[in-house]
Amino acid sequence: MINEAFLQDPYPAYHALRAEGALHWSPEFCGGAWLLTGHADVAGVLRDPRFSVRRAGGWANSSGPEALTELREFKRIFSRSLLFVDAPQHTRLRQVMNAGFKPAALQELAPQIQTIVDRLLDQVLAKAAATPSGQFAQFDFMRDFARPLPALVIAGMLGIAAEDRSEFVAWSDDIAAFIGSPTPTLEIARAAQVSLIAMNEYFRQLLPQRRAALGDDLMSQLIRAEATGGIITTKELLAQCCTLLFAGHETTRNLLGNGMLALLQHPRQWQALQADPALLPSALKELLRFDSPVQYTGRRLKVDVEMHGKIMKKGDLVIPLIGAANRDPAKFSEPDRLDIRRNEGAHLSFGYGPHVCIGATLTYLEAEIAMRSVMRRLPQLRLAGATQSWGGNAVYRSLNALPLQFAHPAQAASTPAVEAEVKASPCLSC
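Residues numbered from 1 in each chain as written. Predicted model: local features only at pLDDT ≥ 70, side-chain atom pairs only at ≥ 80, totals over all residues. Heavy atoms only, no water.

Looking now at the overall build of the chain. Within the chain, the secondary structure is distributed over 19 helices and twelve strands. Burial analysis of the chain (430 residues in total) assigns 56% to the buried set. Looking at the chain alone, contacts between residues at least 24 apart form 75% of all its contacts between residues at least 6 apart. For the chain, the exposed area adds up to about 17,600 Å²; of that, 54% sits on carbon and sulfur atoms. The positive charge centre, built from 44 side chains, and the negative charge centre, built from 42, are 4 Å apart in the chain. (Helix = DSSP H or I, 4+ residues; strand = E, 2+ residues; numbered from the N terminus. Buried < 20%, exposed > 50% of the residue type's maximum accessible area, 1.4 Å probe, protein only. Contact = heavy atoms within 4.5 Å. Areas by Shrake-Rupley, 256 points an atom, 1.4 Å probe, with all protein chains shown as cover. Lys, Arg positive; Asp, Glu negative; His and termini not counted. Charge placed at Lys NZ, Arg CZ, Asp CG, Glu CD.)

Here it is as structure tokens:
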């Protein structure tokens, strides 16, 4: 199932799989796994305590017999992460980490996010100043905006140096390559282990100075929780720091990239959004549904479970296909159509149930600030040909590059109002 065509566009494969049935066994994932495509089934599995997130060990071990001992430290760090523990440990850790992601706390962060967005767009516009009048300026949306923005935001939230961003993004890319491989090779797993250990060591070295001068950042909040028993050990504290740094930018950058591409490929939708920015909250939900930044996740069965007339055994790996669930015609009408006014219930791009993404509100906040600013400051934005490049990760659907063009600042004043164009055509789906 997972080949180059799938990485370019997974949705035909999902539709074909759904047409064959609701539940499938595939040998392609870590030696074998059950695949689910339906929205109701995926949502049900994600909230069912019989389906465990404790899968880090088996995942790494699928890299080969050497992994049993060679990847021991990698498995230890991963197994302490909020992402890979069940209740009651998960409940305790999530309660601690929720404090930094409450809506009120995030709203206080909004001015800082706006400052970062403005600085990145200032740099794009400064380069555009050299573009001859009458020509369109060009830039890479991923390299110049979508990739650095969330990395800078999460660095600020953790209280770590922004100049270290390129290093921790590289570490995160290695970890994402491991997570995104249906059956990771030993080489991929080794690279992920090196990067995870480096990330863990980065935070370990920061601990003494942060303990000596606690601030309002997320790392300081975890240190305070350690003192009150919410975090039990220093190793557990470091694992959560790594989790926040890794997970804190993957989804946002991919929402920005995938979402911008989808809007510009559907110009009437883009024009409608420009004409009425109040549609942006609805548009972001639809963009997450239409092309999910996270295409699937995994669970291990604690007990035997029967679904759709088949017995899934204790210990089996189950793959809820989030991207497929978000295009389920039983849940969404015309699911392959982008409609920024759609109101048909929840997408599953942030997961569901107890393990729903802790940073979902932050992602929405960053994306809304970013998209509003892009619409305001980059007039006549459009694709620079068909040169966007998709990455090779099956889990994290992401663009390597997205070249865009926008009107030279000198000619922006002559840009015709998009509202008139939208009103001239009743079609908003093309």
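This is not the end of the story, as more comes after the structure.
We now examine the pairing of strand β8 (residues 317-320). Burial along β8 is two-sided: Leu317 and Ile319 and Val318 and Pro320, pointing in opposite directions, are all buried. As paired strands, strand β2 (residues 33-36) and β8 are joined by four bridges and run parallel to one another. Looking across to β8, one finds that Trp34 is bridged to Val318. In this structure, strand β5 (residues 299-301) lies alongside β8, joined through two bridges in antiparallel fashion. When the sheet's bridge partners are listed, Arg299 is paired in β8 with Val318. (Pairing = 2+ DSSP bridges.)

Turning next to helix α12 (residues 186-212). Taking 1.5 Å of rise per residue, 27 residues should cover 39 Å, and α12 covers 40 Å from first to last C-alpha, within 8% of that figure. Taken as a whole, α12 carries its principal kink of about 40 degrees at Leu206; the proline Pro208 stands between one and four residues after it. (Expected span 1.5 Å × (residues − 1). Bend = angle between axes of the 7 residues up to and from the residue.)

Looking now at the environment of Leu7. Within the fold, Leu7 resides in helix α1 (residues 4-8). It is 6.3 Å that separates the C-alpha atoms of Leu7 and Ala394, two residues lying 387 residues apart in sequence. Those residues in contact with Leu7 that lie beyond four places of it in its chain are Trp390, Gly391, Gly392, Asn393, Ala394 and Arg397.

Overall, antiparallel pairing links the three strands, which are arranged β4-β12-β9 in an open sheet. The two strands at the open ends of the sheet, each matched to only one other strand, are β4 (136-140) and β9 (382-383). Across two bridges, β9 lies against strand β12 (residues 403-407) in antiparallel orientation. Across the sheet, the residue bridging to Arg382 is Gln405, located in β12.

Below, the discussion takes up the packing of α12 against helix α14 (residues 234-265). Interaxial distance between α12 and α14 falls to 9 Å at its minimum, and their mutual angle equals 115 degrees. Considering how the two elements wind past one another, α12 and α14 form a crossing that is right-handed. Across from Leu196, Met199, Asn200, Phe203, Arg204, Leu207 and Arg211 in α12, the residues of α14 making contact are Thr234, Leu237, Leu238, Ala239, Cys241, Cys242 and Leu245. Considering only residue class, the contact of α12 with α14 consists of ten nonpolar, two polar and two charged. (Axes fitted to C-alpha atoms, helices over the stretch in contact; angles between N-to-C directions. Left-handed = near helix turned anticlockwise from the far one by under 90°. Nonpolar A, V, L, I, M, F, W, Y, C, P; charged D, E, K, R; others polar.)

Turning our attention to the pattern of salt bridges. Enumeration over the complete set of coordinates arrives at 23 salt bridges. Residue Glu73 is joined to Arg76 by a salt bridge in which the shortest nitrogen-to-oxygen separation is 3.6 Å. Of the two residues, Glu73 and Arg76 are both situated in helix α6 (residues 72-79); the distance of three residues between them amounts to about one turn of the helix. Judged by its relative accessible area of 33%, Glu73 is partly exposed. For Asp173, the salt bridge identified is with Arg253, shortest N-O distance 3.0 Å. (Salt bridge = Lys/Arg side-chain N within 4 Å of Asp/Glu carboxyl O.)

Here helix α13 (residues 218-228) has its buried residues at Leu218, Met219, Ser220, Leu222, Ile223, Ala225 and Glu226. On its buried face, α13 is in contact with α7 (89-98), α10 (148-158), α12 and α14. One side-chain oxygen of the residue at the start of α13 lies 3.1 Å from the amide nitrogen of Met219, identifying that residue as Asp217. Trailing α13 by a residue or two, Gly229 shows a phi angle of about 95 degrees, which is positive. (Polar contact = N/O pair within 3.5 Å; in protein donor to acceptor, adjacent residues only side chain to side chain.)

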